Every structure is written in structure tokens, then in C-alpha cells.
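# Close look at the chain arrangement
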Amino acid sequence: MIGNRQSDILGLIINHYIQTGEPMGSKTLCALLPYSVSSATIRNEMASLGELGFLKQLHTSGGRVPTKASYRYYVDNLVRPIGIAQYEKHRIDEVLSVNASDPERLLADAARLLSEMTGCASFYSTVKDEYDCLQGVDLIPAGNHKAMIVMLTVGGKIKSSVIHTPCVIDDGFRRLFYIIAKEFFIGCPLNEINMSLIQSTAPVLADRMFDMIPILSSLCSLCNEASQGTLNIEGQINLLNQSELGNSVYNLLALLAEKKKLEKLLSEFAKSNMESALFLGDENPVYELKNTAMSVTKFRYYDDQLATLGIIGSLRIDYSTILPRIEYITKACSKLLKEGGIQYE
């Protein structure tokens, strides 16, 4: 159990290390503590904190720096959040409102904000939903034998593509497309919309099959894309500015580039009972993240859709400013996703 004086000392050392990356000695602590205490007493307290696993000494006669384990105590007991300025809140609200009705674009905007406002790498992911179905599709003529196809799933995913067509997209052709879409595709699970289903439309399309194939093939590709989970990462380059990561930054960047381990971790988190978490150091279940702080928040929308949003940075991130911004952005996202769900229904 850490005493009050030890807690004060630990808080000062961690705050100093977060701001400067430098160890702190007993003489500096003497000047910063709000009460009088001798250097010898402080050294004894620092030694005790070292025995408890909260401090380490890089050099025999040098000051102390925090260990990985100390950050958990710091976050749970010592951090004093610094509030977000009103203009920052207005900017967050403004940016997130632009794509509030499109869950994936909303989360992408939130990830970009997190990366910018925290100086960390950020991410958002959606979890593969095997039961998501096609709710609607539109075919919009774009001139010169071009058209845009736009699809919407029951899970709120919106995908679009511009395609070249072998014929003019007139009203009669669009009516035929909507008849085919309603009969064969609307309400169908995304993972069942494939070339076999397209081939089954041949008896109805007859001599228009050749004209319709590019459009139905594009719809098939969009449905396949929408049926998969996604993981997008922003601000990886920010990690190169966090010198305390040392050479481990290269393994971390490889993890973010390869994505598979992180996708698996986020998918498992989304399906767990946790709503949000801050993994510090060795609490991270993936080896490449052992020197990082990773914040992740889960979202539910449209009843059974799952997504995550979060950041990855070094253990030396400025928790007092970063945590409030994560909280504000994730709460704003949660509110907009819920409102979008109500409008959707």
C-alpha cells in the first residue's frame, strides 16, 4: 500500500517524466513538494517505491523514472484531467456532424480527430456481421455510359461505385434494375450476393442480361466489401515522434501495417463484456503493444452492429489532456450513432 507522501512523490516523478522524458532526483523533489521534507527521507521513499515496482533507476547515482506498472496507479489515482476548451468542443461537434448518418464515415472522422488531438496513432474498426442484409440500392445515371450504384445495408453500411455501362441508363432500364433488385437482392444476406445469384437473374433479364451484368457485378463487389469487417488506422507517423518507444516502434508500425493481430484483438474486445478500456504496458495482450498505452471504446448501433474506436501511443502520453478528449469524442460518437439508429428505423 502506497502512503500519501509516496503517492505525492510518484505523481511528481511521473508528471515530470511525461513532460520532459528525464529522470527526477531527490533535490528537485524537495523543491516541488508542498511540504518540507529532507532529501534523505525522499531517497528512502523513492527506494521503497522502487521495491514496490513503481520506480527504476537508470544509473547508480541518477534520478528515478516510472516503470510500466506505475502508470496504472497514476491513471487510477493521480491524474488530474484538464478540461477541453469550448472552441475545441465546437470543432469536434462540427466535424462529427458532417457524416453523422453514415457510421463508418463518422468513425473515420472521429479517428482523424483523435490522431490530431492526441498526437498518437488512432484507429476505428467494424466487426464482420454475417447476418447483415441488403436494405436498398439505387442506380443513378452519370452520362456517357456511366452510372453510380449506391447500396445501403440493414447494418447502416453505405457503399457506392461508378461503373461503365454498355447501354444508356434510361428510365426503362432503371425500372428493370429495380425489379431485379427487389426480386433477387433486397433482404438477401450480403455474403449470399454472389455470381451464382446474378446468374439466376438470367431468365428474367433475357436479352438485357449483357447490359445488366456490369451493374450487378458491381453490386456483388460492394456487398462483399460491406460484409467484411474493417480496420483503418490514422497517424502512424506520430509514433515516430515518441522517442521513448525506442526501437520497439518498428515492431509496432509493422503490427499496424499488417493489421491481422490488431483486427483479432479488436474483434474479441467488441464481442466481450467490456465497453471501454485503457490497456497500459504489459496489460496489452499483444506483444508489440507492451510498451504502449492503448485506449479502446466499443460502440453498438442499429441493434447488433459492433465497432471500436481508440488510440495507441507510448506510456508517456499526457493522460491529463488526452483522456478527456478521448472521452468527449467517444461520447459524441455514441450519441450520434444512437440518433442515427433511431432515424434509420
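All values derive from a computational prediction rather than experimental measurement.

About the criteria used
All residue numbers here refer to positions counted from 1 along the written sequence of the relevant chain. Given that the model is predicted, a residue must reach a pLDDT of at least 70 before its local features are reported, and side-chain atom pairs must reach 80 or more before they are shown or counted; all residues, however, enter totals for whole chains, interfaces and linings. Derived side-chain values reflect all non-hydrogen atoms in the structure, with water molecules and hydrogen atoms excluded from consideration. Only runs of H or I of at least four residues qualify as helices and only runs of E of at least two qualify as strands under DSSP, and these elements are numbered from the N terminus. Only C-alpha atoms enter the radius of gyration, while the globule expectation follows 2.2 Å times N to the 0.38, with N the number of residues. The contact criterion used is simple: two residues touch if any of their non-hydrogen atoms lie within 4.5 Å. For the purpose of charge, His is not counted, nor are the chain termini; Lys and Arg are scored as positive and Asp and Glu as negative. Lys charges are placed at NZ, Arg charges at CZ, Asp charges at CG and Glu charges at CD. When DSSP finds at least two bridges between two strands, those strands are taken to pair. Helix axes are fitted only over the stretch in contact, all axes being lines through C-alpha atoms; the angle between N-to-C directions runs from 0 to 180 degrees. Planes of paired rings set the category: under 30 degrees apart is stacked, over 60 is edge-to-face and the rest tilted, where pairs are Phe, Tyr or Trp rings (Trp by its six-membered ring) whose centres lie within 6.5 Å. Only protein chains enter the calculation, and the probe is 1.4 Å; a residue is then buried if its accessible area is under 20% of its type maximum, exposed if over 50%, and partly exposed in between. One side-chain nitrogen of Lys or Arg within 4 Å of one carboxyl oxygen of Asp or Glu is enough to make a salt bridge. Residues enter a nonpolar core if they are buried and are Ala, Val, Leu, Ile, Met, Phe, Trp, Tyr or Cys, with the set joined through side-chain atoms within 4.5 Å. Here, patches come from residues exposed beyond 30% relative accessible area and free of salt bridges, joined within 9 Å for like charges and within 5 Å for nonpolar side chains (Val, Leu, Ile, Met, Phe, Trp, Tyr). The method behind every accessible area is Shrake-Rupley, applied with a 1.4 Å probe, and residues are considered shielded solely by the protein chains displayed. Here a cavity denotes grid points, spaced 1 Å and computed from the protein atoms alone, that fit a 1.4 Å probe unable to get out, and a pocket denotes an open set having protein on both sides within 12 Å along at least 5 of 7 lines; residues with an atom within 4 Å of a point are the lining. Grid points are joined across faces, edges and corners, and a volume is the space filled by probe spheres set on the points. As a working rule, the residues Ala, Val, Leu, Ile, Met, Phe, Trp, Tyr, Cys and Pro are called nonpolar, Asp, Glu, Lys and Arg charged, and the rest polar, with Gly in that last group.

The next subject is the overall build of the chain. For the chain, the helix and strand inventory stands at 13 helices and 10 strands. At 27 Å, the chain has a C-alpha radius of gyration far larger than the 20 Å of a compact globule built from 345 residues. If one aligns the C-alpha atoms of the chain with their principal axes, the spans along those axes are about 95 × 40 × 35 Å. If you take every contact in the chain between residues at least 6 apart in sequence, the share linking residues at least 24 apart comes to 62%. Once the 33 positive and 38 negative side-chain charges of the chain are each reduced to a mean point, those two points are 6 Å apart.

With that settled, the discussion passes to the sheet that holds strand β5 (residues 146–153). With respect to topology, 3 strands assemble into an open sheet ordered β4-β5-β6, the strand pairing being antiparallel. Edge strands, defined here as strands with exactly one partner in the open sheet, are β4 (134–143) and β6 (158–164). Strand-to-strand twist of the sheet, defined as the mean angle between neighbouring strand axes without regard to direction, takes the value 15 degrees. Judged from the 8 bridges that link them, β4 and β5 form a sheet pairing that is antiparallel. When the bridges of β5 are listed, V137 appears paired with M151.

A word on the packing of aromatic side chains. Applying the stated criterion across every chain, the model contains 6 aromatic pairs. With a centroid separation of 5.8 Å and 40 degrees between ring planes, the pair formed by F54 and Y73 is classed as tilted. You can see F54 sitting in the loop between α3 (39–51) and β1 (55–57) and its partner Y73 sitting in helix α4 (residues 68–78), a full 19 residues away along the chain. A centroid spacing of 6.4 Å and a plane angle of 80 degrees characterise the contact between F269 and F279, whose relative ring orientation is edge-to-face.

Okay, the side chain of S7 next. As for its position among the elements, S7 is in helix α1 (residues 4–20). S7 gets classed as buried once you look at its relative accessible area, which sits at 11%. Once residues lying within four places of it in the same chain are set aside, the contact partners of S7 are I2, Y73 and L78.

Here the focus is the pattern of salt bridges. Inspection of every chain in the model, using the stated rule, returns 20 salt bridges. A salt bridge links E88 to R325, with the nearest nitrogen and oxygen atoms 2.8 Å apart. Placement of E88 in helix α5 (residues 86–97) and of R325 in helix α13 (residues 319–344) is noted, with a sequence separation of 237 residues between them. Across the pair, exposure class does not vary: E88 and R325 are buried alike. Its salt-bridge partner being E116, residue R91 comes within 3.1 Å of it at the nearest N-O pair. Here R91, found in helix α5, pairs with E116, found in helix α6 (residues 103–118); they are 25 residues apart in sequence, far enough to count as distant. Exposure remark for R91: the relative accessible area of 36% places this residue in the partly exposed category. The class for E116 is exposed, based on a relative accessible area of 52%.

Side chains of a nonpolar character, in soluble globular proteins, are inclined to be buried together. I9, L96, L280, L309, Y319, I329 and C333 are the most contacted members of the largest nonpolar core, which totals 52 residues. Judged by nonpolar contacts, the second largest core, of 31 residues, contains L139, I163, F173 and F184.

On the surface, I140, M148 and V162 cluster together to form a nonpolar patch covering roughly 230 Å² of accessible area. Mapped onto the fold, M148 is located in strand β5. For M148, a relative accessible area of 30% gives the class partly exposed.

What the 5 strands build is an open sheet, ordered β7-β3-β10-β9-β8; its pairing is antiparallel. At either margin of the open sheet sits one strand with a lone partner, and together these are β7 (230–234) and β8 (276–280). If you compare each strand with its neighbour and ignore which way they point, the axes differ by 15 degrees on average. Bridge count for strand β9 (residues 292–301) against strand β10 (residues 305–314) is 10 bridges, and the pairing is antiparallel. Bridging across to β10, M294 finds its partner in I312. Each of β3 (121–126), β7, β8, β9 and β10 is contacted by helix α12 (residues 260–270), which is oriented at about 50 degrees to β9, the strand it contacts most.

Pairing of β5 with β6, which is carried by 7 bridges, proceeds in the antiparallel orientation. Looking at β6, one finds that V150 is bridged to S160. The antiparallel hairpin formed by β5 and β6 contains 4 residues in its connecting segment, where G156 sits at a positive phi of about 85 degrees.

Empty space within the largest pocket amounts to approximately 460 Å³. Taken together, 21 residues make up the lining of the largest pocket; nearest its centre are S276, T297, I326, E327 and T330. Of all the elements in the fold, those that place two or more residues in the lining of the largest pocket are β8, β9 and α13. Here the element with the most residues in the lining of the largest pocket is α13; it accounts for 10 residues. Its residues assigned to classes, the lining of the largest pocket comprises 10 nonpolar, 5 polar and 6 charged. The volume enclosed by the second largest pocket comes to roughly 320 Å³. Lining of the second largest pocket is provided by 14 residues; of these, G11, L12, N15, L78 and R80 occupy positions nearest its centre.

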